[in-house]
Every structure is written in C-alpha cells, then in structure tokens.
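Structural overview
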Amino acid sequence: MTKTISYLGLGTMGSGMASNLLKAGYELTVWNRNAEKCEPFRRKGAPVADTPADAVRDVDVVMYSLSNDQAAEEVVFGTNGILSGIKEGQIATDMSTVLPATSLREQEAYAKRGVDFLDAPVFGSKNESANGKLWIMAAGNKAVFEKVKPVLEHLGQTVHYFGKNGNAAAMKLVGNLIVALEMEALAEGLVLAQKAGLDLNTVMEVIKVADFRSPLLVSNGQNILKRNFSSSFALKLMLKDAGLIERFAKSLESPIPALRVVEKNLAATVALGFGNENASALIRALEKQAGVEVKARSAS
C-alpha cells in the first residue's frame, strides 16, 4: 500500500496534483526547480528536497509533471537527477506531456535499476488539477498500474489503462491534436461570425446545444467573448505540444495537414507576444488578419 510519495514539478498542473495528494493523507515530499513554489507545501508540513535525487529517496512512489522533454531529460537523467537517488522496488510515474520515445527511454533506464515505471499524462488544465478532476491515462505493467491506481484516483475523475509503456504518452498526443483542431475551429468560427455581423452571445447559445458542442468549445468561447485570456493552458505550451505531435506523426508516417495550419497560427500569436495567455488566444492572429476583435456586445 502506498503511503509515501514524492512529487517533482510544481507548475500549474503539478501544484494542484501535489495538493490533492496532501489532502488525501499521503506523506509527501516535494521538489521544484524554482524553490519558491515549494513554500506553500513546506507550510503544510511537506518536506522540501534540494535535488530530484534527494526527493525520491525512500518513498513508495515518485511522481512528476514537467514542462517538456528537455526538462524530463534534466530531472530524470541529469546530475543529481531522479536516477541518482531512486532504488529497486520503487515506482516512478511520469505525468508530463512528452514523446512516447521519451517515456520508453525512461522505462528502460528505470528497469536497469529494478524500478517500475508508468507513463501517466493527463487531460485537463488548472481547475481540473486543483479539484482532482483530471482525466488520466496510464501505461506500463498492469500489476504496477493497479498499485498506483488508488493514488491516481485522488487526482482524476477517470483513470484509463493503455497497456504497454509509451501508449499513454501516445494517447496524450492524439488528444492534444484533437484539442488543437477544436481550438482552431472555434477561433475561425467566431471570427467569421463577427465578420458576418452575428450576435455572438446567440452564436454561443447555439454552440452550447448543437450536435458539435463540447465543454472545450463552450468554456473557451465564453471566455473569448469576455476577452478573458487568463491562462489555464498557456498558448506557448500548445505550440510546444504541436511540435511533439508533428514529430510523432512523422515517425509513423501519419498525415496531419490540419495541425500544420494550427501550428502556423499558434506561432503567429506567440510572435505577437501572447504566448503566456491561454491557448484560446490563438484567435488573436486571426483577428489581426480579419481586422476585427471578437467580443460580446454590451447589453443595451
């Protein structure tokens, strides 16, 4: 039974997950590159480690959510990285969005030390992470998955098992491809509606009920109309993920023509200086081309 956990990476997603592990009663040790983000956990009694190697010593499960493949490379394989401190019998769980090849490289390195490994990325953003309502995918040895599943259930509303290592990382990229295309469709649609002179509040009423509705379209559409681009998933991270999807699809010779359009608009919006805004801000590049601002009319 899992009692002790270390969580590494306390960004937008990791901080919410780590907080929920504390609430669930696990003995938690934390580490983050920027130590300031550890302070709320220190105040709640969680030990703060100086290095990844220190963080993972003598815990049952090691969990981490990092920003990209390079961060995983440094935190897992680097000097004083996880591999320097982890021991046989422990379980490592990577909850980052990375290439499947990165997950497989991690799995191989852990196996040499007698450490079990799951890739377990998530769908959802800031609110879902904070409220333990993520949608979690996991891949690796089934018996190891069953051991870690009770922990994951404190973090997500659903947990899906995908078989061998790398498969959950692959599913994450499949899902992010769909998300990117949905966001582009929403942005193009709202700009076209604005140019056509439609009442955007009524447009959103239709989007809420029509057969193409989705929570993603509804929440982001409403925020666009309010000009609320506060970040729950930064646009620059969606651009990063688009690059991962492109590399993954190329390795499998799988066509992704629509993603290349989205990637172009993401890059254009980042170039305009909006990379730290929410991914829905990709509409800003289209607005500039169209010469409009998509905004709900004030009530008269």
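Numbers given to residues run from 1 along each chain, matching the order in which its sequence is written. Note on the predicted model: pLDDT of at least 70 is required for a residue's local features to be given, and 80 or more for side-chain atom pairs to be given and counted; whole-chain, interface and lining totals, by contrast, use all residues. Excluding hydrogens and water, the side-chain values take into account all heavy atoms of the structure.

Some remarks on the nonpolar core
The nonpolar core is taken to be a set of buried Ala, Val, Leu, Ile, Met, Phe, Trp, Tyr and Cys residues, with the residues joined through side-chain atoms within 4.5 Å. Each residue is placed in one exposure class: buried if its accessible area under a 1.4 Å probe, protein chains only, is under 20% of its type's maximum, exposed if it is over 50%, and partly exposed if it falls in between. Counting residues in hydrophobic clusters, the biggest one holds 37 residues, and the most contacted among them are L190, I283 and V294. By definition, any uninterrupted DSSP run of H or I lasting at least four residues is a helix, any uninterrupted run of E lasting at least two residues is a strand, and each is numbered from the N terminus. When contributions to this core are tallied by element, the ones reaching two or more residues are helix 9 (167-195), helix 10 (200-209), helix 11 (215-225), helix 12 (235-251), helix 13 (257-271) and helix 14 (283-290). Top element by residues in this core is helix 9. It accounts for nine residues. Contact between two residues is taken to exist if any of their heavy atoms lie within 4.5 Å; hydrogens are not considered. The residues touching V294, leaving out its near neighbours within four places in the chain, are L190, V191, Q194, L200, I224, L225, R227, I283 and E287. Counting 30 residues, the second-largest nonpolar core is a separate cluster that includes Y7, L10, M13 and L28.

Section: the environment of A169
Tracing the chain through its elements places A169 in helix 9. For the pair formed by A169 and A120, sequence separation is 49 residues and the distance between their alpha carbons is 7.2 Å. In this structure, A169 is in contact with V98, L99, P100, S103, D119 and P121, ignoring residues within four places of it in sequence.

A closer look at the sheet that holds strand 6 (residues 122-123)
A strand pair is defined by DSSP finding two or more bridges across the two strands. Here we have three strands laid out as an open sheet, ordered 6-7-8, and mixed in their pairing. On the outer flanks of this sheet lie strand 6 and strand 8 (156-161), each paired with one strand and no other. Sheet topology places strand 7 (residues 134-138) next to strand 8; five bridges connect them, and they run parallel. Bridge pairing in strand 8 links M137 to H160.

Remarks on the packing of helix 10 against helix 11
To get an axis, fit a line to the C-alpha atoms, keeping to the stretch in contact for a helix; angles then go from 0 to 180 degrees between the N-to-C directions. The interhelical angle for the contact between helix 10 and helix 11, taken along N-to-C directions, is 170 degrees, at an axis separation of 10 Å. Classified by the angle their axes make, helix 10 and helix 11 are roughly antiparallel. Contact residues: L200, N201, M204, I207 and K208 in helix 10; L217, V218, G221, Q222 and L225 in helix 11. Any angle that is under 35 degrees is reported as roughly parallel, and any over 145 degrees as roughly antiparallel; angles of 65 to 115 degrees are reported as roughly perpendicular and all others as oblique.

A closer look at the side chain of S6
For S6, the location among the structural elements is in strand 1 (residues 4-8). For S6, the residues in contact, after removing those within four places along its chain, are L28, T29, A55, V56, V59, V61, V62 and M63.

Considering the pattern of salt bridges
Salt bridges are defined by distance alone: a side-chain nitrogen of Lys or Arg within 4 Å of a carboxyl oxygen of Asp or Glu. Under the counting rule described, the total for this entry stands at 11 salt bridges. Here R57 ties to D54 by a salt bridge, and the two come within 2.5 Å at their closest N and O atoms. Note on R57: relative accessible area 39%, which makes it partly exposed. Two residues, E146 and K142, come together in a salt bridge whose shortest N-O distance is 4.0 Å. In this pair, E146 and K142 are both assigned in helix 8 (residues 142-152), four residues apart and thus about one turn of the helix distant. A relative accessible area of 41% means that K142 is categorised as partly exposed.

Description of the packing of aromatic side chains
Between rings of Phe, Tyr and Trp, where Trp is taken as its six-membered ring, a pair exists when centres lie within 6.5 Å; planes separated by under 30 degrees are stacked, by over 60 edge-to-face, and by other angles tilted. For the structure shown, the criterion picks out two aromatic pairs. Taking 5.4 Å as the distance between ring centres and 25 degrees as the angle between the ring planes, the aromatic pair formed by Y110 and F117 counts as stacked. The class for Y110 is buried, based on a relative accessible area of 0%. Directly above the ring of F77 sits R105, whose terminal nitrogen or CZ lies 3.9 Å from the centroid. Put simply, a charge is over a ring when the Lys NZ or the Arg CZ is close to the ring centre, within 6 Å, and near the line of the ring normal, within 35 degrees. Looking at R284, its charged tip hangs above the ring of F274, at a distance of 4.2 Å from the centre.

A short note on the pairing of strand 4 (residues 91-94)
Taking every second residue as pointing to the same face, both faces of strand 4 are buried, with I91 and T93 on one and A92 and D94 on the other. As judged from the four bridges shared by strand 3 (residues 61-64) and strand 4, these two strands associate in the parallel manner. Bridging from a neighbouring strand, V61 pairs with I91 of strand 4. As judged from the four bridges shared by strand 4 and strand 5 (residues 116-119), these two strands associate in the parallel manner.

Observations concerning unusual backbone geometry
The phi angle at D58 is positive, at roughly 65 degrees, despite the residue not being glycine. Considering the arrangement of structural elements, one finds D58 in the loop between helix 3 (52-56) and strand 3.

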